Amino acid sequence: MRRSRVPLIFATTVALLLVTLVISVGMGAVSIPPRQVLAVLLQRSNPELSRTTVAIVWDLRLARTLLALVIGAGLAASGSAYQALFRNPLADPYIIGASGGAALGATLAIILNLNVVMPAAFVTALLAVTLVYFIAQAGGHVSSVSLVLAGVALSTLLSSAVSLLMFLGDRDLHEVFAWLLGGLSGRSWPQLQLAAPLIALGIVVLWSMSRPLDALTFGEETAQGLGLNLFRARALLVAAATLTTAASVASAGIIGFVGLLAPHIARRFVGGAHHLQIPMSVLVGALLLVLADDLARTMMAPLELPVGVLTALLGAPFFLWLLKRSETWPQ
Amino acid sequence: MATIDVQGVTLAYDDTEILHEIELEAHPGEVLALVGPNGVGKTTLLRALSRQLRPQQGVILVDGRDTWRLSHREAARQVGLVPQQADGDWPLSVEEVVALGRMPHRGWFLPLSSHDRQVIRKTLQQIDLYPLRHRQVATLSGGERQRVLIARALVQEPQVLLLDEPTANLDLRYQGMALTLVQQLAHEQGLIVIVSIHDLNLAALYADRVALLAEGRLLAKGTPHTVLTAELLSLAYGIPVVVSHHPVYNTPLVAPVLPHKKNGVTK
C-alpha cells in the first residue's frame, strides 16, 4: 500500500459517508430532497421548509440514521479487534458469540424489568467471548473450524436461552423478537445517547491499542518477544471490543456480519496495520449499516425489514466464501 | 560488556524434564550455535532465554541481571527473538512489521519518534530491505521474510539476538546469506548471537562456539573443532558419524554413516 494514497482514500470515504447520511435522512415514506435535509441540519431558516419537514428530519430520521452509523462503526471496530485477537479472518462479534451473549443479558434485563440492559448485555457478552475463546483455543492457535463451531454452538445455546426466557417471561413476545432480529425501527435519540458514548469509548480504546493488535497478529510467542504483556493487552482489548458489541446489541439487537465485512474491505484499501485499518473499518462499517438500513426501510415499504436480516443476507455468503478459502487472509 | 549467563537451568513440561542443569555462557561479539538431535531441548532453551518458559531451577542472567526480574518491555530491550517462520500472513508491509520492533521502547500508545524512524531506516538499509519496505510481507520470498524478522529483532536494539533455526526453510544460497548476516551482527556490532541449528556443517562454518545438547543435558561446549568430533556426535545422535574437513575453510565437515544404506560404493 503506497502511503501517499492513504489520505485520499480516507477523504473519499468520509465524503461518501456524509453524502450517504444526508441522502439517507431524506429517504422514507415522505421523501425529502438532500438540499432540504442539509438546510434543516445546518439550521438555515428557509421559507421552503415546513415544520413537518423539520420534525421528520430531527425527530424521526436523523437519530435513527446516526444510530445506524454509530452501531456500524462499533461493530466494525470490534470485528477488527476480534480478528486480530483470534488471529482468524472469520471472527466477528456475531460469529464468536459476543452478540448472542449480549442478547441474553439484555433480554434477561428486559424481562425482569430491570433498568440494567446495557451492563447486563456487557457482562453476558464478556462471558460468552471468554468461553468461546477457551473452547476454541488449542495450542495458542485458534483454528477457523474450532472457532466457528464453538461460536455457533454457544450462540445456539444462548438463543435457546433467550427463547426460553421470552416464553417464560410475561412479555410481548413480538416486541422482544423484533428487537432480537436486529432493527433500527423506532429507535431514536434515547438509544443514541446511551449507545454512542460507550461505542465511541470502545473505538478509541481499540484504536489506541493498534500496536499491540499488530503484534498479536504474529501470535503469542512473537508478541511476548516484542515486550507485550499478553494478559493485560488481551484483557483490555476483549473488554473494549465486547463493550462496543454489547452497546450495539443493547440498542439495536443482533446485527451480524457488519463486523466481518467491514475490516476485510478496509484492509483491501489501507492494509492490515491497525492504526489505519481500524479507522477505515469504522468508516466502512458505518457506511454499510446506514446503507443496509436504507434498504431495510425502503425495499418493502411501508413494511420495514429488520436490518439484521438484511446484513445476514449480504454477509453470510461472504462468510461462506471466506470459510472456503479457510485459513488464508485475503490479500 | 553484557554477557548472557545460564546457571543451572532445569526446565520441565508437566513432569517431563526437558533441560537438566544447563550451564552456559555467551559473550558479546560471538555466535553460539545450539546443536543436537530433535527434541533435545534446543528450542526449549531458546524459549527459556527469551522468557517464554520459566525454568523451575536456575537463573538466566543478562548483564548480571535475572531476566525474570525484568518487566516485559525491559526484557524485550535486552533480548530479541527471531522466530522460525513468520506464522500468519496478515497484510502488513515490511516497514510496518519492522516498526513493531520499537514497541519495547515506545510502549502501546506512543507514536514513533524521529529517532525510532531513524533506527528503522538504518536497519532496513543495513540488511538490504529498504527497497522492499512498502511491499507486503506475504509477497516476499522465504529468504526475504527471514530478513524482515531479523530486522524486527534488530530494531529492538537488543544485546542478545536469539534465532530459532534461521536456516530451516532456506535454500543453500539463502542459508549462507542469513548466517553471514548473523555473523556480521556478532563480529561487527558486538551482539551476543545464539542460534539453534540442525545443520552441523553450517554451525561449523559460522559459529564461534558450539553447545551440543543431548537428552536435555549439555554434552559439550567449545569451538567447532573441539565439539564437532566423531566421538561426541556419534554419542549425541546415536549413529556412527565421520568428521572430515571443509575443503576450503578447514572447519569440521560432518557426515553420517548410515547403517541401512545399501547402494553406493563403500570404501
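Predicted model only: the values in this text are computed from it and were never measured.

Conventions and cut-offs
Residues numbered from 1 in each chain as written. Chains lettered and ligands numbered in written order. Predicted model: local features only at pLDDT ≥ 70, side-chain atom pairs only at ≥ 80, totals over all residues. Heavy atoms only, no water. Helix = DSSP H or I, 4+ residues; strand = E, 2+ residues; numbered from the N terminus. Rg over C-alpha atoms; globule rule 2.2 N^0.38 Å. Buried < 20%, exposed > 50% of the residue type's maximum accessible area, 1.4 Å probe, protein only. Contact = heavy atoms within 4.5 Å. Areas by Shrake-Rupley, 256 points an atom, 1.4 Å probe, with all protein chains shown as cover. Lys, Arg positive; Asp, Glu negative; His and termini not counted. Charge placed at Lys NZ, Arg CZ, Asp CG, Glu CD. Axes fitted to C-alpha atoms, helices over the stretch in contact; angles between N-to-C directions. Parallel < 35°, antiparallel > 145°, perpendicular 65-115°, else oblique. Left-handed = near helix turned anticlockwise from the far one by under 90°. Nonpolar A, V, L, I, M, F, W, Y, C, P; charged D, E, K, R; others polar. Pairing = 2+ DSSP bridges. Buried area = accessible area lost by both parts, 1.4 Å probe. Salt bridge = Lys/Arg side-chain N within 4 Å of Asp/Glu carboxyl O. Polar contact = N/O pair within 3.5 Å; in protein donor to acceptor, adjacent residues only side chain to side chain. Phe/Tyr/Trp six-rings, centres within 6.5 Å; stacked < 30°, edge-to-face > 60°. Lys NZ or Arg CZ within 6 Å of the ring centre and 35° of its normal. Expected span 1.5 Å × (residues − 1).

Asker: Help me get a handle on the overall build of chain B, residues and values and all.
Answerer: In terms of helices and strands, chain B carries ten helices and twelve strands. Taking 2.2 N^0.38 as the reference for a compact globule, 267 residues should give roughly 18 Å; the C-alpha atoms of chain B span a radius of gyration of 19 Å, in line with that estimate. Each of the three principal axes of chain B carries a C-alpha extent, and together these read 65 × 40 × 35 Å. Each of the 267 residues in chain B was classed as buried or not, and the buried ones make up 53%. Of all intrachain contacts in chain B linking residues separated by at least 6 positions in sequence, the fraction that spans at least 24 positions is 65%. Carbon and sulfur atoms make up 51% of the accessible area of chain B, which totals about 12,400 Å².

Asker: Please provide a residue-by-residue account of the overall build of chain A, values included.
Answerer: A tally of helices and strands in chain A yields 14 helices and two strands. Computed over C-alpha atoms, the radius of gyration of chain A comes to 20 Å, within 12% of the 20 Å expected from 2.2 N^0.38 for 331 residues, which places it in the range of a compact globule. Counting only C-alpha atoms and orienting by the principal axes, one finds that chain A spans roughly 65 × 60 × 35 Å. For chain A, the residues scored as buried account for 56% of the 331 residues in total. Of the contacts formed within chain A by residues at least 6 apart in sequence, a portion of 76% connects residues at least 24 apart. As displayed, chain A offers around 14,000 Å² of accessible surface, 71% of which is attributable to carbon and sulfur atoms. Here chain A contributes 19 positively and 13 negatively charged side chains, and the mean placements of these two sets differ by 11 Å.

Asker: Tell me about the packing of helix 12 (residues 258-270) of chain A against helix 14 (residues 307-325) of chain A, and name the residues and values.
Answerer: All names here are of chain A. Across the interface, helix 12 lies against helix 14 with an axial gap of 9 Å and an inter-helix angle of 60°. In terms of axis orientation, helix 12 runs oblique to helix 14. Relative to helix 14, helix 12 is oriented so that their crossing is left-handed. Contacts between helix 12 and helix 14 involve V258, L260, L261 and H264 from the former and T311, G315, F318, F319 and L322 from the latter. Along the lines of polarity and charge, the residues of the contact of helix 12 with helix 14 split into six nonpolar, three polar and no charged.

Asker: Please give an account of the pairing of strand 11 (residues 241-245) of chain B that cites residues and values.
Answerer: Residue and element names in this part refer to chain B. The pairing of strand 11 with strand 12 (residues 252-256) spans five bridges and is antiparallel. Within the sheet, the bridge partner assigned to S244 lies in strand 12 and is L253. Counted between consecutive antiparallel strands, the loop separating strand 11 from strand 12 contains six residues, among which N250 sits at a positive phi close to 65°.

Asker: Tell me about the interface of chain B and chain A, and please be specific about residues and values.
Answerer: Contacts between the two partners involve 33 residues from chain B and, on the opposite side, 33 residues from chain A. Around 3,000 Å² of area is buried between chain B and chain A when both sides are counted, 58% of it from carbon and sulfur atoms. The interface formed by chain B and chain A contains one salt bridge. Here B:R47 ties to A:E221 by a salt bridge, and the two come within 3.3 Å at their closest N and O atoms. The interface formed by chain B and chain A contains six residue pairs in polar contact (both at pLDDT 80 or more). Where the side of chain B that touches chain A is concerned, the elements lending two or more residues are helix 2 (72-78), strand 6 (79-82), helix 3 (94-99) and helix 4 (103-106) of chain B. Class assignment for the residues of the side of chain B that touches chain A results in 17 nonpolar, eight polar and eight charged.

Asker: Describe in detail the packing of aromatic side chains, supporting the description with residues and values.
Answerer: Residues and elements named next belong to chain B. Going through the model one piece at a time under the given rule, you end up with eight aromatic pairs over all chains. When the ring centre of W68 is taken as reference, the NZ or CZ atom of R51 above it lies at 5.2 Å. One residue, R133, lies across the ring of Y130, its end atom 3.9 Å from the ring centre.

Asker: I'd love a proper account of helix 8 (residues 189-208) of chain A, names of residues and values included.
Answerer: Residues and elements named next belong to chain A. With 20 residues, helix 8 extends 28 Å between its outermost C-alpha atoms, agreeing within 8% with the 28 Å of an ideal straight helix rising 1.5 Å per residue. Of all the positions in helix 8, only L192, A195, I199, G202, I203 and L206 are classed as buried. Tucked inside the fold, the buried residues of helix 8 contact helix 3 (51-85), helix 5 (117-136), helix 9 (210-216), helix 11 (230-252) and helix 13 (274-298).

Asker: Explain the pattern of salt bridges to me, using residue names and the numbers behind them.
Answerer: For side chains bearing opposite charge, pairing can occur when the charged atoms are close. Summed over all chains, the structure comprises 13 salt bridges over all chains. Taking the shortest distance from any N to any O, the salt bridge between B:D66 and B:R69 comes out at 3.9 Å. Of the residues examined, B:D66 reaches a relative accessible area of 17% and is grouped as buried. For B:R69, a relative accessible area of 73% gives the class exposed. We note a salt bridge from B:D116 to B:R102, for which the minimum N-O separation is 2.8 Å. Of this pair, B:D116 sits in helix 5 (residues 114-126) while B:R102 sits in the loop between helix 3 and helix 4, and the two are 14 residues apart along the sequence. For B:D116, a relative accessible area of 0% corresponds to the buried category. Ionic contacts of the salt-bridge type, sharing partners, join the residues A:R64, A:D293, A:D294, A:R297 and A:E304 into one network.

Asker: How would you summarise the environment of B:K42 if you had to cite specific residues and measurements?
Answerer: Residue and element names in this part refer to chain B. Mapped onto the elements of the fold, K42 is located in helix 1 (residues 42-49). What makes K42 buried here is its relative accessible area of 6%. Separated by 172 residues in the primary sequence, K42 and A214 place their C-alpha atoms 9.4 Å from one another. The residues touching K42, leaving out its near neighbours within four places in the chain, are L34, V35, G36, P37, E165, S196, I197, H198 and L213.

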